[in-house]
Amino acid sequence: MKALILVGGFGTRLRPLTLTLPKPLVEFGNKPMILHQIEALAEAGVTDVVLAVNYRPEIMEGRLAEFAEKFGINITFSIETEPLGTAGPLKLAEKVLRKDDSPFFVLNSDVICDFPFKDLAAFHKAHGDEGTIVVTKVEEPSKYGVVVHKKNHPSRIDRFVEKPVEFVGNRINAGLYLLNTSVLDRIELRPTSIEQETFPALVVDNQLHSFDLEGYWMDVGQPKDFLTGTCLYLSSLTKQGSKLLTPASEPYVYGGNVLIDPSAKIGKNCRIGPNVTIGPNVVIGDGVRLQRCVLLSASKVRDHAWIKSTIVGWNSTVGRWARLENVTVLGDDVTIGDEIYVNGGSVLPHKTIKANVDVPAIIM
Ligand code: GDD
Ligand code: MG
């Protein structure tokens, strides 16, 4: 089977992290975001993955060659000279997607869940129509694509409304599709939106179905959602009894859902958790309190720092008795001085912060 991952866009909503790495390579749960997807695709029997990009492929190429080798699959880049939206890239990659008659998966690169690719394939085959989109329920549907069903059919879609202004329903497009190759006949090679153009056309012909997602789902393309998604992912690992998690029997683990890379060093009398990920080569001092936060590789947290709802970027240092909270995000190589307070700060790479940030702000 084949898959195309939409990796365009500049990831501006995930700045300052995306000033250093393309969004798909930012580590989520100590693993590049896109690797969660590639692993699940390989597991479901996908052999060919196309990455549709219009942003810094040179950095991606090296890492992706590594993943291709690891999973024994082909990964190719399809590079747009102008952004082709969410449907145009499918047409651009037509050759790979039509290499056989089997349907192909399409993924938005910033969504995270327990990817149900095998069940999705079985469901798609059973209904026999051209397309299936995975849907999930959310409380605030206005920033997503919303699906409305036919009255007398459990899965056939009657309307697809992208970013509805008025409430039409709460089952939204999770950004995962399985499409027959015939859908490519409906797409022109130009900037075009699958949500605005292709899906409505499929709906008119009664060719689009929905598949309900089980478990958690999140679009992790912005810091607040990245943190929420991390909590959901860690809870799911806990539920599965995953061995990846740091055992609750460790004296510093508090409240569970803690994922610590084996190479990280933890000081004395720390309290870590719930919902914390600590990347490779991170060094934590003594008496540190961490909750609901992400520490990326090679960052340092000095003694007695207190960190909550924060992403600490690669190689950054948080000073002694510092306090970070309220969706603070530190870019690469940031230094937070001793005893500094940061409330919702977004700090650009290589900055040193010597004064308190009392109200949410971008520090450049
Ligand atoms: N290759 C390529 N070229 N990819 C693109 C382009 C482009 O020009 N524009 C956007 N993408 C990619 C993004 O990188 C992302 O992976 C995906 O297409 C969707 O774009 P977003 O910008 O993240 O869209 P969204 O989050 O506002 O909405 C989409 O996702 C929601 C679920 O998270 C829509 O598909 C909604 O219907 C959906 O509910
Ligand atoms: Mg998105």
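Analysis parameters
- Residues numbered from 1 in each chain as written.
- Chains lettered and ligands numbered in written order.
- Predicted model: local features only at pLDDT ≥ 70, side-chain atom pairs only at ≥ 80, totals over all residues.
- Heavy atoms only, no water.
- UniProt positions renumbered as here; feature names shortened; annotations may be inferred.
- Phe/Tyr/Trp six-rings, centres within 6.5 Å; stacked < 30°, edge-to-face > 60°.
- Buried < 20%, exposed > 50% of the residue type's maximum accessible area, 1.4 Å probe, protein only.
- Helix = DSSP H or I, 4+ residues; strand = E, 2+ residues; numbered from the N terminus.
- Lys NZ or Arg CZ within 6 Å of the ring centre and 35° of its normal.

Per an unreviewed UniProt entry, the chain carries the name Mannose-1-phosphate guanyltransferase and comes from Ophiostoma piceae. According to the UniProt record, the Subcellular location (unreviewed entry) comment for the chain is "Cytoplasm". Listed in UniProt under the heading Pathway (unreviewed entry), the comment for the chain reads: "Nucleotide-sugar biosynthesis; GDP-alpha-D-mannose biosynthesis; GDP-alpha-D-mannose from alpha-D-mannose 1-phosphate (GTP route): step 1/1."

Engineer: Residue-level account of the packing of aromatic side chains, with values.
Structural biologist: This model, assessed by the stated rule, comprises 8 aromatic pairs. Between the aromatic rings of F115 and F117, the centroid separation amounts to 5.4 Å while the plane-to-plane angle is 10°, which identifies the pairing as stacked. For the pair F115 and F117, one class covers both residues: buried. Ring geometry for Y144 against W217: centres 5.5 Å apart, planes inclined by 75°, an arrangement best described as edge-to-face. One end of the pair, Y144, is in the loop between β8 (131-137) and β9 (145-149); the other, W217, is in strand β13 (residues 217-219), and 73 residues separate them in sequence. Considered together, Y144 and W217 belong to a single accessibility category, that of buried residues. Ring pairs connect the aromatic residues F28, F226 and Y233, which therefore count as one cluster. Between the NZ or CZ atom of R271 and the centre of the ring of Y254, over which it lies, the distance is 4.0 Å.

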